[in-house]
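Close look at the chain arrangement
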Amino acid sequence: MYFLLVLLVIILIIAFKSIKIVKQAEVYVIERLGKFSKVADAGLTIIVPFFDHVRSVVSLKQQTMDVPPQGVITKDNVTITIDTVVFYQITDPAKAVYEIQSLKKGIEYLAITTIRDIIGKMDLDETFSSRDGINNQLRVVLDEATDRWGCKIDRVEIKDITPPADIRDAMEKEMNAERNKRALILESEAQRQSAIMIAEGKKQAAILEAEADKESRIARAVGEAQAIKEVADAKAQEIQMVYEAIRNAKPDDKLVQLKSLEALEKVAEGDANKIFIPFEATGALSSLGAITEVLKDKKK
């Protein structure tokens with residue numbers, strides 16, 4: 001009975017040593033007698049007890065590693081602190097176990113030296129405006145260096161760049177001054193636009209007023225011209241009627257001359273009317289004067 005119990009315990013130990021269940025997204029690196037044997041994928045794996053053993057359990061998931069904040073010196077001799085995080089994934093578990101003693105330490109040290117090299121070639125202002133470029137350079141360098149370790153660097157992100165306190169205060173003052181400058185520029189631009197709009201409004205109002213005055217003058221001139229035309233037409237009709245009446249009456253020359261003198265007398269009335277009679281017309285006028293006297297004697 002004791003023997004069976006011992007045998008059962010030995011069988012259970014052998015089964016425990018032989019049967020391995022690998023979780024999803026993990027692999028086992030199996031060694032046989034101290035030498036690499038195989039990589040066991042997810043699922044059930046049988047190994048030879050006492051000969052095979054699991055050297056390492058490697059995760060195939062994407063992993064993150066925080067690089068401790070590092071003080072680096074820029075090209076213009078300013079010491080800044082950079083905090084970085086690295087995203088990586090193991091592609092060859094055997095290389096990750098056997099090619100380097102500690103993969104995380106290797107990535108960390110490589111990231112620190114690469115950051116110092118890249119930042120040392122940049123000015124302070126350039127480090128703030130070139131984060132994407134720094135991230136890309138870090139990823140390329142780290143990916144090339146860790147490829148022989150069976151690791152792929154997916155991305156590198158700079159979480160924070162911290163300048164010294166005095167530099168930060170100076171940058172804040174400069175930022176406030178720049179913000180005030182932009183505010184003044186925007187205010188002056190708004191005032192300029194307002195003045196332009198007011199001037200344009202006055203200009204349009206003046207143009208409309210001039211157009212209205214022009215149209216009013218034209219309308220008044222047209223009315224006056226129409227009135228003059230109507231008066232002239234009426235005078236012409238009146239003259240035509242008088243002419244027709246005289247023509248129908250068939251006056252003699254003496255009567256015509258007499259009527260001409262009467263008309264001339266009416267025209268000459270007033271201080272502002274001056275009539276100049278040619279010398280050749282004086283003879284006719286003297287004859288008309290004699291005729292007028294004869295007519296007056298006859299009336300008497």
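In what follows, the structure referred to is the one given above.
What this report covers is the structure whose coordinates are included nearby. What you are looking at is a predicted structure, and each value in this text was computed from that prediction instead of being measured. (Residues numbered from 1 in each chain as written. Predicted model: local features only at pLDDT ≥ 70, side-chain atom pairs only at ≥ 80, totals over all residues. Heavy atoms only, no water.)

What follows covers unusual backbone geometry. A positive phi angle, near 55 degrees, is found at L33, a position not held by glycine. Considering the arrangement of structural elements, one finds L33 in the loop between strand 2 (26-32) and strand 3 (35-40). For L33, a relative accessible area of 64% gives the class exposed. You will see that F50, though not glycine, has its phi angle at about 70 degrees, which is positive. Its location among the elements puts F50 in the loop between strand 4 (43-46) and strand 5 (52-59). Residue F50 is classed as exposed on the basis of its relative accessible area, which comes to 64%. (Helix = DSSP H or I, 4+ residues; strand = E, 2+ residues; numbered from the N terminus. Buried < 20%, exposed > 50% of the residue type's maximum accessible area, 1.4 Å probe, protein only.)

Sheet topology note: the strand 6 (residues 63-73)/strand 7 (residues 79-90) ladder contains nine bridges and is antiparallel. Paired with V72 across the two strands is I80, which belongs to strand 7. Connecting the antiparallel pair strand 6 and strand 7 is a turn made up of five residues, with N77 showing a positive phi of about 60 degrees. Here strand 7 runs beside strand 8 (residues 151-162); their pairing, made up of 10 bridges, is antiparallel. (Pairing = 2+ DSSP bridges.)

One key point about sheets: their strands pair by backbone hydrogen bonds, in either a parallel or an antiparallel sense. Taken together, the three strands give an open sheet; going across it, the order is 6-7-8, and neighbouring strands pair in antiparallel fashion. With partners counted over all chains shown, the strands left at the sheet margins are strand 6 and strand 8, one partner each. In this sheet, adjacent strand axes meet at a mean angle of 25 degrees when their direction is disregarded. Along the sheet face, helix 3 (residues 103-119) touches strand 6, strand 7 and strand 8 and points at about 35 degrees away from the line of strand 6. (Axes fitted to C-alpha atoms, helices over the stretch in contact; angles between N-to-C directions. Contact = heavy atoms within 4.5 Å.)

Another point: the sheet that holds strand 2. Strand order in the open sheet made by the three strands is 3-2-5, with antiparallel pairing throughout. Each edge of the sheet is formed by a strand with only one pairing partner; in this case those strands are strand 3 and strand 5. Here the average twist between neighbouring strands, direction ignored, is 25 degrees. One ladder, built from five bridges, connects strand 2 with strand 3; its direction is antiparallel. Its bridge partner lying in strand 3, Y28 is registered against A40.

Summed over all chains, the structure comprises one aromatic pair. Here the aromatic rings of F36 and Y98 are separated by 5.7 Å at their centres, their planes lie at 75 degrees, and the arrangement is edge-to-face. With F36 in strand 3 and Y98 in helix 2 (residues 93-98), the pair connects residues that are 62 residues apart, well separated along the chain. Residue Y98 is classed as partly exposed on the basis of its relative accessible area, which comes to 35%. It is R155 that lies over the ring of F87; its NZ or CZ is 5.9 Å from the centre. (Phe/Tyr/Trp six-rings, centres within 6.5 Å; stacked < 30°, edge-to-face > 60°. Lys NZ or Arg CZ within 6 Å of the ring centre and 35° of its normal.)

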